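In case you want the letters, here they are:
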Amino acid sequence: MQLFLDTTDVAVLKDLAATGLVDGVTTNPTLIAKSGRPMLQVIAEICAAVEGPVSAEVAAMDTAGMLDEGRKLASIAPNVVVKVPLTRDGLIATREFAHEGIATNVTLCFSAAQALLAAKAGATYISPFIGRLDDYGAEGMDLIVEIRAIYDNYDFDTEILAASIRNPAHVTAAALAGADCATIPPTVFADLFKHPLTEKGLEQFMSDWAKTGQSIL
Ligand code: E4P
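Residues numbered from 1 in each chain as written. Predicted model: local features only at pLDDT ≥ 70, side-chain atom pairs only at ≥ 80, totals over all residues. Heavy atoms only, no water.

As named in an unreviewed UniProt entry, the protein chain is Probable transaldolase, taken from Phenylobacterium hankyongense. One UniProt comment on the protein chain, placed under Pathway (unreviewed entry), says "Carbohydrate degradation; pentose phosphate pathway; D-glyceraldehyde 3-phosphate and beta-D-fructose 6-phosphate from D-ribose 5-phosphate and D-xylulose 5-phosphate (non-oxidative stage): step 2/3." (UniProt positions renumbered as here; feature names shortened; annotations may be inferred.)

In structure tokens, the structure reads:
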């Protein structure tokens, strides 16, 4: 399973990427706004910091505008993935990007029917928003299960990118459900390393080791 970081904070990204465990990055207009920086510059810096796919979202609502913006974003670096909203115009643009060899991440997916259309349009990634479905009173993870079954039934190549991840349990459940990737906020990514029993066990081991008075080197 590939683990992406959902962030526009380049310093935080570099810190976590140093672990060698970050396979890519996703961004969205809200995260760009939070960064307070010019989007094209931020995306270029992120692309230089990671070798894997970097999703950069179009802001246009119509197909022609999405195509213009997407081509510009794709020209920033070879690892840019153009993020397109799951709308009728977005899927027409997705189909054209597929013909042009430009990778796409179809975002704001909330139903299996939408995911089916995205795959038929030739999306590289589909982003089902787990946390927002949970917030809405639905069982977000069920959507990953449904999309996995549909994509496997028809051998679609579109990769399932579990998005709107809120906690480590979401990551585990998405992995169990067969998601190809998950995009994770930095705080949740940092939490993936932790378990209270790891901390407690390590404390005990270190305390016992100190009693031996030994040194390994
Ligand atoms: C994914 O590509 C989105 O940027 C992100 O996962 C949305 O998460 P949110 O629902 O926490 O805003």
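Participant: What's the story with helix α4 (residues 63-74) in this structure? I'm lost.
Facilitator: In an α-helix, one turn spans 3.6 residues; hence positions three or four apart end up facing the same way. Helix length check: α4, at 12 residues, gives a terminal C-alpha distance of 16 Å against a target of 16 Å (1.5 Å per residue), a fit within 8%. Along α4, the positions that sit buried rather than exposed are Thr63, Gly65, Met66, Leu67, Gly70 and Leu73. Check the buried side of α4 and you find it contacts α3 (39-49), β3 (54-57), β4 (80-85) and α5 (88-100). (Helix = DSSP H or I, 4+ residues; strand = E, 2+ residues; numbered from the N terminus. Expected span 1.5 Å × (residues − 1). Buried < 20%, exposed > 50% of the residue type's maximum accessible area, 1.4 Å probe, protein only. Contact = heavy atoms within 4.5 Å.)

Participant: I would appreciate a short explanation of the sheet that holds β3 in the present structure.
Facilitator: Sheets are built from strands paired through backbone hydrogen bonds, the pairs being either parallel or antiparallel. The strand order around the closed barrel formed by 8 strands is β1-β2-β3-β4-β5-β6-β7-β8, and the pairing between neighbours is parallel. Across the sheet, the axes of successive neighbouring strands diverge by a mean angle of 30°, strand direction being ignored. Across the sheet, helix α6 (residues 112-120) touches β5 (104-109) and β6 (125-128), and the angle it forms with β5 is around 165°. (Pairing = 2+ DSSP bridges. Axes fitted to C-alpha atoms, helices over the stretch in contact; angles between N-to-C directions.)

Participant: So what exactly am I meant to see when it comes to the packing of aromatic side chains here?
Facilitator: Enumeration according to the criterion identifies 5 aromatic pairs in this entry. Taking the centre distance of 6.4 Å and the plane angle of 50° together, the rings of Phe189 and Phe193 count as tilted. A connected cluster of aromatic rings, assembled from ring pairs, spans Tyr151, Tyr154 and Phe156. (Phe/Tyr/Trp six-rings, centres within 6.5 Å; stacked < 30°, edge-to-face > 60°.)

Participant: Looking at this model, I keep getting lost on a nonpolar patch on the surface. Mind explaining?
Facilitator: Side chains of Leu202, Phe205, Met206, Trp209, Ile216 and Leu217 sit close together on the surface and give an oily, nonpolar patch of about 780 Å² of accessible area. When you line up the elements, Leu202 lands in helix α11 (residues 196-212). The class for Leu202 is partly exposed, based on a relative accessible area of 48%. (Patch = residues over 30% accessible without salt bridge, like charges linked within 9 Å, V, L, I, M, F, W, Y side chains within 5 Å. Areas by Shrake-Rupley, 256 points an atom, 1.4 Å probe, with all protein chains shown as cover. Salt bridge = Lys/Arg side-chain N within 4 Å of Asp/Glu carboxyl O.)

Participant: What should I look at first to understand the nonpolar core in this one?
Facilitator: Side chains of a nonpolar character, in soluble globular proteins, are inclined to be buried together. With 56 residues, the main nonpolar core has Ile46, Ile126, Ile144, Ile147, Ala162 and Ile184 as its most contacted residues. Leave out the neighbours within four places in its chain, and Ile147 touches Cys109, Ala112, Ala115, Ile126, Pro128 and Ile160. (Core = buried A, V, L, I, M, F, W, Y, C linked by side-chain atoms within 4.5 Å.)

Participant: Which parts of the structure should I look at to understand the site of the ligand?
Facilitator: As a matter of local geometry, the ligand sits amid Asp6, Thr26, Asn28, Lys83, Phe129, Arg132, Ala163, Ser164, Arg166 and Thr183. Measuring from an oxygen atom of the ligand, one finds a side-chain N or O atom of Asn28 at 2.7 Å. Out of a free accessible area of 350 Å², the ligand has 86% covered by protein chains. Classifying every residue of the shell around the ligand gives 2 nonpolar, 4 polar and 4 charged. (Near = heavy atom within 4 Å. Polar contact = N/O pair within 3.5 Å; in protein donor to acceptor, adjacent residues only side chain to side chain. Nonpolar A, V, L, I, M, F, W, Y, C, P; charged D, E, K, R; others polar.)

Participant: Looking at this structure, I do not really get the side chain of Thr104. What am I missing?
Facilitator: Looking at the element boundaries, Thr104 is found in strand β5. Judged by its relative accessible area of 0%, Thr104 falls in the buried class. If we ignore the near neighbours within four places in the chain, the residues touching Thr104 are Val81, Val82, Val84, Thr94, Phe97, Gly122, Ala123, Thr124 and Tyr125.

Participant: Explain helix α8 (residues 140-153) to me, please; I cannot follow it from the model alone.
Facilitator: Taking 1.5 Å per residue as the helical rise, α8 with its 14 residues ought to reach 20 Å, and the 21 Å between its terminal C-alpha atoms agrees with that figure. Listed as buried for α8 are Gly140, Met141, Leu143, Ile144, Ile147, Arg148 and Tyr151. Taken down its axis, α8 places every buried residue within 145° of arc, on the same side. Looking at the packing, one finds that the buried side of α8 touches β5, α6, β6, α7 (130-135), β7 (159-162) and α9 (168-176). (Arc of directions from axis to C-beta.)

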